Amino acid sequence: MDVQAGLVIALYTALIIFVGFAIWCVRELVATARSVRTLSDDLQKTLPPLIERAESTLDSVDLELKRINGVVSQIEEVSDRVTSTTRAAQGLVDAPVAAMTGLAEGALTFLRTLFRK
């Protein structure tokens, strides 16, 4: 009976340890659930203002991007106008030069024809 009594004592000891471990697990589970609830409440209080600020910031950034886009468009228009003006000025300068070249060639041809005869 001595072995049987030892087994009973070991069994009760293991049962007491198991029950103590189960109580500790339940206590930790309850503490975790409370922590999660507190975190959830804090997030419900904190997130909506943050989301509103983020939306406001994104709207401001979008507005600034539209302004920048307008400025870039105006710069492109000015660049196109400058290019057109440059081409027109080039044409105005090239036309008299071409006319003078044509006159000079005609004069040379006339003089060659005159001196050959």
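Description of the structure in this document. (Residues numbered from 1 in each chain as written. Predicted model: local features only at pLDDT ≥ 70, side-chain atom pairs only at ≥ 80, totals over all residues. Heavy atoms only, no water.)

### Remarks on the overall build of the chain
Applicable threshold: Strands here mean DSSP runs of E at least two residues long; helices mean DSSP runs of H or I at least four residues long; both are numbered from the N terminus. Restricting the calculation to C-alpha atoms gives the radius of gyration, and the globule rule supplies 2.2 Å times the number of residues raised to the power 0.38. For the accessible areas, the method is Shrake-Rupley and the probe is 1.4 Å, while residue cover comes only from the protein chains on display. For the purpose of counting charges, residues Lys and Arg are taken to be positive, whereas Asp and Glu are taken to be negative. His and the chain ends are not included. A single reference atom marks each charge: NZ on Lys, CZ on Arg, CG on Asp, CD on Glu.
When helices and strands are tallied, the chain shows 1 helix and 0 strands. Compactness check: the chain gives a C-alpha radius of gyration of 48 Å against a globular reference of 13 Å for 117 residues, more than 25% above the reference. C-alpha atoms of the chain, sized along the principal axes, occupy 155 × 40 × 5 Å. Here the chain displays about 10700 Å² of accessible surface, and carbon together with sulfur accounts for 68% of that area. Across the chain, the 12 positively charged side chains and the 14 negatively charged ones have centroids separated by 11 Å.

### A word on the pattern of salt bridges
Test applied: Each salt bridge in this description consists of a side-chain nitrogen of Lys or Arg and a carboxyl oxygen of Asp or Glu lying within 4 Å of one another. For every residue, the accessible area (1.4 Å probe, protein chains only) is compared with the maximum for its type, and the residue is labelled buried under 20%, exposed over 50%, or partly exposed between those bounds.
Counting across every chain of the model gives 2 salt bridges. Across the pair K66 and D62 runs a salt bridge, and its minimum N-O distance is 3.6 Å. Placement of both K66 and D62 in helix α1 (residues 2–116) is noted, with a separation of 4 residues, approximately one turn of the helix. In this structure, E64 and R67 form a salt bridge, with 2.9 Å as the shortest nitrogen-oxygen distance. With a gap of 3 residues between them, E64 and R67 both fall in helix α1, about one helical turn apart. Residue E64 is classed as partly exposed on the basis of its relative accessible area, which comes to 39%.

### Some details on a nonpolar patch on the surface
Stated formally: Only residues above 30% relative accessible area that lack a salt bridge enter a patch, with like-charged residues linked at up to 9 Å and the nonpolar side chains Val, Leu, Ile, Met, Phe, Trp and Tyr linked at up to 5 Å.
Where nonpolar side chains cluster on the molecular surface, the patch consists of V8, Y12, L15, F18, V19 and I23 and spans about 610 Å² of accessible area. Among the secondary structure elements, V8 is positioned in helix α1.

### Topic: the environment of A95
Within the element layout of this structure, A95 appears in helix α1. According to the relative accessible area criterion, A95 is partly exposed, its value standing at 45%.

By themselves these figures say nothing about function.
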